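The primary structure of each chain is shown beneath.
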Amino acid sequence: MTLNVEHLTGGYGQQTVIHDINFTIEPGEVTALIGLNGSGKSTTINHLVGLLAPMQGQITLNGASLTANPIQYKSQIAYVPEQPVLYEELNLKEHLQTMIDVYKLDATTSWQKADRLLKMFRLDDKLNWFPTHFSKGMRQKVMIVMAFITNADLYIIDEPFLGLDALAVQDLLELIDEKKQQGAGFLITTHVMSTLKAHANHFIYLENGEIAAAGPIDTMAGRVPALLMGEG
Amino acid sequence: MHTDQLFKQRLAQQWREFLKYLKFIFNDHAVIAFFFLFGALLFAYRQLLISLPVTWWTQASLGLILGFSLAIFNKPATFIRHADALVFLGDEHKLRHAWQQAMTYSMLFNGGLQLIMVLIFWPIAFKLFAQLEWIIIIGTVVLVLAKISITYMRGQRTARFKQQPQLMNWEAIANAEDQRLANIYSFFNLFVDVPGLASPIKAHPYLEKIRPSWPGYHKLALLPLYLTTFIRKSQYLMLWVRMVVLGSLLIPFLQGPLLLLLLALFQYLFVLQLLPLVSSYRRLAYDGILPISLSDRKKAFQALSLPLLLIMDIVWFILIILTQPLHEFQAIMSLTLVMLSLLLVFWYSNYSINSMFKRRTRNASKK
């Protein structure tokens, strides 16, 4: 699995938000995209999942280009957005079944995985609940379970630690490590690096839509505001 | 999930939802209004057909009306939801297929609606263009094909990114679908309460300038809130505009008790749909702790609704004077409408607000 982002420039409509972004994610690698509010993290992610079209540049995943072969490109990705989006008329069980159907997963294995994840996130007794009864944190957990039952090559997670309780953050980090061991790649955005310090291989610091610094954690000190490093 | 299943599921789900609201509409008071309105329209159409002169301007007017009909009901239904872009990352082909099926359905549906609209005008067309039957039939086919093409083009324009047309803009498609449904639910909301309907909020600077001159604006604590909501929330402002326009359209073609009955019905429907404004703030936690009595709420609603109903009466009265021969019944009709306005504002709304707040208090104590 290799994600290649080359000279990506993009934004909303005519407004350019990110400029000339370049990076690569190799198999089994966790890359953290960090930056202050409005630095372009979510815009970058929206381009990577195809919710926005690049103005310039190339995005390829395992050789499949987002623009030339969007269906093959997207089929290798699982995405957890910052704001959970669920079908209001489907309960939790039906959401998981939809993922199994869409990603053409083996039902038995997937439900075994789902059972474990549901227990981990304390959702196992809520299979018949509808989204309207879930808190923001619970919706976030539902989206995490939905993403992690797939066998995606690349997991894109936008601000995963906002709204999650301390236990769930720990469980999610364990899951990330587990999938990482199996060869999946991760792109995770966050405001604070400290949570991901022990788990991410690379950090990319965005400022005003441009990469201001990139590299392993030990090269970032002094190049990134101390508060973002979690040292403030 | 079979490839066709998604479209079929969403289509069935939409019609189930629409039928639920249609059932409420036709079970309610509105069925009486529709009955009279339909009868009045048929009568008016017959009168028009008899009296319509065959001149170049009536022919041009018909052409304009038919041309204008292309501008309505031309949005495609896509049934695409915001969650689809995420969930169907694993197999976007399925989502694209469902979108294509929805586009085909929309082109046929809108084309069918166009055919019905044109057929309604056929009697007039055959009168105005006698001896040109074939032209009328060909024109009908052209209009239907034009509607199908417009629907297709609108769908394509929304669905593709300009700079990367091979990529689907699922966010834009889902937003357009939200907007389409909001328009339909706004119509249902004229007759029944549609839960969760988010009416668009739009500032109208020219209308907002008249707020300080509204009677009672500086005296009644809640009136500025009610009046501003009325002006900025399309749901309420458009309701008033719609009722004034519908009444005005009937006046040139109808007279006597039938016209009075229909205008009275419009006034009643207006007050009935404006009343939820009083309770709409109850969901806000601080509404309960405001030092406002029920009587203050009623006075503010009365101060809002009375001028609106009286302006409605004045507009209709002027149109009656302008379009109908003078008769004493017109004076009686105008006085009756003013009396009805007063009754709706001071008796009916009073009673409704009382029961609205009593019911909510009783339900709250059960929880």
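Conventions adopted
Residues numbered from 1 in each chain as written. Chains lettered and ligands numbered in written order. Predicted model: local features only at pLDDT ≥ 70, side-chain atom pairs only at ≥ 80, totals over all residues. Heavy atoms only, no water. Contact = heavy atoms within 4.5 Å. Buried area = accessible area lost by both parts, 1.4 Å probe. Salt bridge = Lys/Arg side-chain N within 4 Å of Asp/Glu carboxyl O. Pairing = 2+ DSSP bridges. Helix = DSSP H or I, 4+ residues; strand = E, 2+ residues; numbered from the N terminus. Axes fitted to C-alpha atoms, helices over the stretch in contact; angles between N-to-C directions. Parallel < 35°, antiparallel > 145°, perpendicular 65-115°, else oblique. Nonpolar A, V, L, I, M, F, W, Y, C, P; charged D, E, K, R; others polar. Expected span 1.5 Å × (residues − 1). Buried < 20%, exposed > 50% of the residue type's maximum accessible area, 1.4 Å probe, protein only. Domains from an automatic or database assignment. Polar contact = N/O pair within 3.5 Å; in protein donor to acceptor, adjacent residues only side chain to side chain.

Once that is clear, we can look at the interface of chain A and chain B. Contacts between chain A and chain B engage 30 residues on the former and 27 residues on the latter. At the boundary of chain A with chain B, total buried surface from both sides reaches about 2,400 Å², with 65% on carbon and sulfur atoms. By the criterion of area lost to chain B, the three top residues of chain A are Leu51(A), Tyr87(A) and Val102(A), representing 25% of everything that side buries. Linking chain A to chain B there are three salt bridges. One salt bridge in this structure joins Asp91(B) and Lys104(A), with 2.7 Å as the shortest N-O distance.

What follows covers the pairing of strand S1 (residues 3-12) of chain A. All names here are of chain A. Where S1 and strand S2 (residues 15-25) come together, seven bridges link them in antiparallel fashion. Paired with Leu-8 across the two strands is Ile-21, which belongs to S2. Between the end of S1 and the start of S2, which pair antiparallel, lie two residues, with Gly-13 showing a positive phi angle near 60 degrees. Where S1 and strand S4 (residues 56-61) come together, five bridges link them in antiparallel fashion. From the neighbouring strand, Val-5 faces S4, where its bridge partner is Ile-59.

Before going further, it helps to spend a moment on the packing of helix H9 (residues 223-232) of chain B against helix H10 (residues 234-250) of chain B. Residue and element names in this part refer to chain B. Direction vectors running N to C along H9 and H10 enclose 75 degrees, while the axes themselves pass 5 Å from each other. When the interaxial angle is binned, H9 and H10 end up roughly perpendicular. Residues Thr-229, Phe-230, Ile-231 and Arg-232 of H9 lie in contact with H10, whose contacting residues are Ser-234, Tyr-236, Leu-237 and Trp-240. When its residues are assigned to classes, the contact of H9 with H10 shows five nonpolar, two polar and one charged.

Residue and element names in this part refer to chain A. In a regular helix each residue adds 1.5 Å, so 13 residues correspond to 18 Å; helix H5 (residues 136-148) covers 19 Å between its end C-alpha atoms and thus fits that length. Counting buried positions along H5 yields 12 of 13 residues, so the element is predominantly enclosed. Burial in H5 covers these residues: Gly-137, Met-138, Arg-139, Gln-140, Lys-141, Val-142, Met-143, Ile-144, Val-145, Met-146, Ala-147 and Phe-148.

Residue and element names in this part refer to chain A. Assigned domains within chain A: domain 1 (1-76 + 153-232) and domain 2 (84-151). Between the C-alpha centres of domain 1 and domain 2 the distance comes to 24 Å. Across the boundary between the two partners, domain 1 contributes 19 residues, which contact 16 residues of domain 2. Linking domain 1 with domain 2 are four salt bridges, by the criterion used here. The closest approach of N and O atoms between Lys-141 and Asp-165, which form a salt bridge, is 3.1 Å. Applying the counting rule to domain 1 against domain 2 returns six residue pairs in polar contact (both at pLDDT 80 or more). Broken down by secondary-structure element, the contributors of at least two residues to the side of domain 1 that touches domain 2 are strand S7 (154-158) and helix H6 (166-181). No other element matches H6, which puts eight residues into the side of domain 1 that touches domain 2. Of the residues that constitute the side of domain 1 that touches domain 2, the class distribution is 11 nonpolar, two polar and six charged.

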